[in-house]
Amino acid sequence: MKALTLKKYSKSSPLIEFSDVPKPKIKPNEMLVQVYAAGVNPIDNIIPTGLFKPVLQFQLPATLGSDLSGVVVEVGSQVTRFKPGDAVFASIFDLGIGSFAEYAVVPENTAALKPTNLDFVQAASIPMVGLTSWQALKERGNLKAGQKVFIPAGSGGIGTFAIQLAKHLGATVATTTSTGNVDFVRKLGADTVVDYKKQEFDKVLHNYDLVLGTTKGDAIEKSIGILKPGSKILSLVGPLDAPFARARKLNGILTFVFGLMSRKINKLSKKQKVDYSFLFVRPNGAQLSEIGKLLEADRIRPVIDKVFPFEQTKQALAYLAEGHAKGKVVVKMHD
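Computed from a predicted structure; not experimentally measured. (Residues numbered from 1 in each chain as written. Predicted model: local features only at pLDDT ≥ 70, side-chain atom pairs only at ≥ 80, totals over all residues. Heavy atoms only, no water.)

On to the overall build of the protein chain, then. Counting its secondary structure elements, the protein chain contains 12 helices and 16 strands. Rg of the C-alpha trace for the protein chain: 20 Å, near the compact-globule value of 20 Å for 335 residues, within the 12% margin. Projecting the C-alpha coordinates of the protein chain onto the three principal axes gives extents of approximately 55 × 45 × 35 Å. Relative to its full complement of 335 residues, the protein chain shows a buried share of 55%. (Helix = DSSP H or I, 4+ residues; strand = E, 2+ residues; numbered from the N terminus. Rg over C-alpha atoms; globule rule 2.2 N^0.38 Å. Buried < 20%, exposed > 50% of the residue type's maximum accessible area, 1.4 Å probe, protein only.)

A few words on the sheet that holds strand β1 (residues 2–8). Strand order in the open sheet made by the 3 strands is β2-β1-β4, with antiparallel pairing throughout. Two strands in the sheet have a free side with no partner beyond their single neighbour: β2 (15–20) and β4 (62–63). Alignment of β1 against β2, held across 6 bridges, turns out to be antiparallel. Residue Leu-4 lies in a different strand from β2, and its bridge partner there is Phe-18. (Pairing = 2+ DSSP bridges.)

This part takes up the pairing of strand β13 (residues 227–235). Here strand β12 (residues 208–213) pairs with β13 via 5 bridges, running parallel. Pairing of Leu-210 across the sheet is with Lys-232, part of β13. The sheet contact formed by β13 and strand β14 (residues 275–278) spans 4 bridges and is parallel. Across the sheet, residue Ile-233 finds its bridge partner in β14, namely Tyr-276.

Moving on to the packing of aromatic side chains. The description of an aromatic ring pair uses the distance of the two centres, along with the angle that the planes make with each other. Enumeration over the complete set of coordinates arrives at 10 aromatic pairs. These aromatic residues form a ring-pair network of at least three members: Phe-52, Phe-93, Phe-244, Phe-258, Phe-278 and Phe-280. Directly above the aromatic system of Phe-184 lies the positively charged group of Lys-326, at a separation of 4.5 Å from the ring centroid. (Phe/Tyr/Trp six-rings, centres within 6.5 Å; stacked < 30°, edge-to-face > 60°. Lys NZ or Arg CZ within 6 Å of the ring centre and 35° of its normal.)

A separate point is the nonpolar core. Core analysis: the biggest nonpolar cluster contains 102 residues, and Leu-137 and Val-149 have the highest contact counts within it. Excluding its chain neighbours within four sequence positions, the residues that come into contact with Val-149 are Leu-137, Leu-143, Ala-166, Ala-171, Thr-172, Val-173, Ala-174, Tyr-208 and Leu-210. Judged by nonpolar contacts, the second largest core, of 6 residues, contains Met-1, Leu-32, Ala-101 and Tyr-103. (Core = buried A, V, L, I, M, F, W, Y, C linked by side-chain atoms within 4.5 Å. Contact = heavy atoms within 4.5 Å.)

On the surface, Ile-253, Phe-256, Val-257, Leu-260 and Met-261 cluster together into a nonpolar patch covering about 490 Å² of accessible area. Relative to the helices and strands, Met-261 resides in helix α9 (residues 252–261). (Patch = residues over 30% accessible without salt bridge, like charges linked within 9 Å, V, L, I, M, F, W, Y side chains within 5 Å. Areas by Shrake-Rupley, 256 points an atom, 1.4 Å probe, with all protein chains shown as cover. Salt bridge = Lys/Arg side-chain N within 4 Å of Asp/Glu carboxyl O.)

So, on to the pairing of strand β7 (residues 103–107). Looking down a regular strand, the side chains alternate between one sheet face and the other. With 5 of 5 residues buried, β7 lies mostly within the body of the structure. Neither face of β7 is open: one carries Tyr-103, Val-105 and Pro-107, the other Ala-104 and Val-106, and all of them are buried. Where strand β3 (residues 30–40) meets β7, 5 bridges bridge the pair, whose relative direction is antiparallel. The residue of β7 that forms the bridge with Glu-30 is Pro-107.

This brings us to the sheet that holds β13. Spatially, 6 strands are ordered β11-β10-β9-β12-β13-β14 in an open sheet, and the strand pairing comes out parallel. Of all the strands in the sheet, just β11 (192–195) and β14 have a single pairing partner and so form its edges. In this sheet, neighbouring strand axes are inclined to one another by 15 degrees on average, regardless of whether the strands run parallel or antiparallel. Running at roughly 165 degrees to strand β10 (residues 172–177), helix α4 (residues 157–168) makes contact with β9 (148–150), β10 and β12 of the sheet. (Axes fitted to C-alpha atoms, helices over the stretch in contact; angles between N-to-C directions.)

Along the chain, the position of Asp-183 falls in helix α5 (residues 182–188). By relative accessible area, Asp-183 is classed as exposed at 54%. For the pair Asp-183 and Lys-270, spaced 87 residues apart in sequence, the C-alpha to C-alpha distance is 36 Å.

Within an α-helix, residues lying three or four positions from one another point in the same direction, as the helix has 3.6 residues per turn. Largest kink in helix α3 (residues 127–140): about 25 degrees, centred on Trp-134. For α3, the complete set of buried residues consists of Pro-127, Met-128, Val-129, Gly-130, Leu-131, Thr-132, Ser-133, Trp-134, Gln-135, Ala-136 and Leu-137. Where α3 terminates, the next one or two residues include Asn-142, which has phi positive at roughly 50 degrees. (Bend = angle between axes of the 7 residues up to and from the residue.)

We now examine the packing of α3 against α4. Their axes nearest at 9 Å, the elements α3 and α4 cross at an angle of 50 degrees. Our classification of the angle between α3 and α4 gives oblique. α4 is crossed by α3, and the crossing has right-handed handedness. Side by side, α3 and α4 meet where Val-129, Gly-130, Thr-132, Ser-133, Trp-134 and Leu-137 of the first sit next to Gly-157, Ile-158, Phe-161, Ala-162, Leu-165 and Ala-166 of the second. (Parallel < 35°, antiparallel > 145°, perpendicular 65-115°, else oblique. Left-handed = near helix turned anticlockwise from the far one by under 90°.)

From the geometry alone we can't say anything about function, so treat these as descriptive.
Below you can see the structure in the form of structure tokens.
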């Protein structure tokens, strides 16, 4: 089968090319899925640089891609929730397997039935952003109705989903975006929109309960000033911290290094009496099923910027890396 594979890590020019690889074999708790569409995520551009090499277990050459939707063609002997012919969607991030391929191995516990009102492209756009938003806002952030959450970069892949989920949970939402996207993020549900070309968000926002860190640079540190004591910052972009290293059972040296990396933000947070933590999304089929229900009920809608054919997956990655996508970029393998 055809797959987009990473052959060599490099910060400036990783070796990524289409390869003919054997169709994967499944274990008893896994399914073989014919991939109809695959979502493109920022992590798919970060992995080839080698930045997460100490954290993610990849055997090179490795198939890239984290999200998929498609049709089950084969199930392992222990699979009970799915059967051949089922339309599913899943995140297989952090499992050492990839979705930019004609077929993918999908563990049963990572998959959910595709929402009936979404096509395969729409479904493939959801898993990574949906699970990240769910695990940040609902699971770890414990966001409640009436609370205030700041979700920067509201027009991006995470932002477009997280704003809608936060509104569903009853929160008041603030975001940042550029001038041309102000109306767009308001329509998603943002209550307060800061045009970052005209204003600094930390001069406008006050007394927030939760910040979802989605942008690099000093935005995480500035966010501390808008939070009330006892609140939380959950960062998707780092710095990595020692609890993350311990949760992944990394060695003592990496735990120490990650502790050093997050020392400044932890010091600033403690001073303000807020809690900082780094969040790394994990595949979860049960949560994806819950997200699927919200999609079927039209409480949350997928936001897709651009769809590329499978043979243009490298162009899709390059387009996402430019940082201007409104919503998600998706690769389509099959009609």
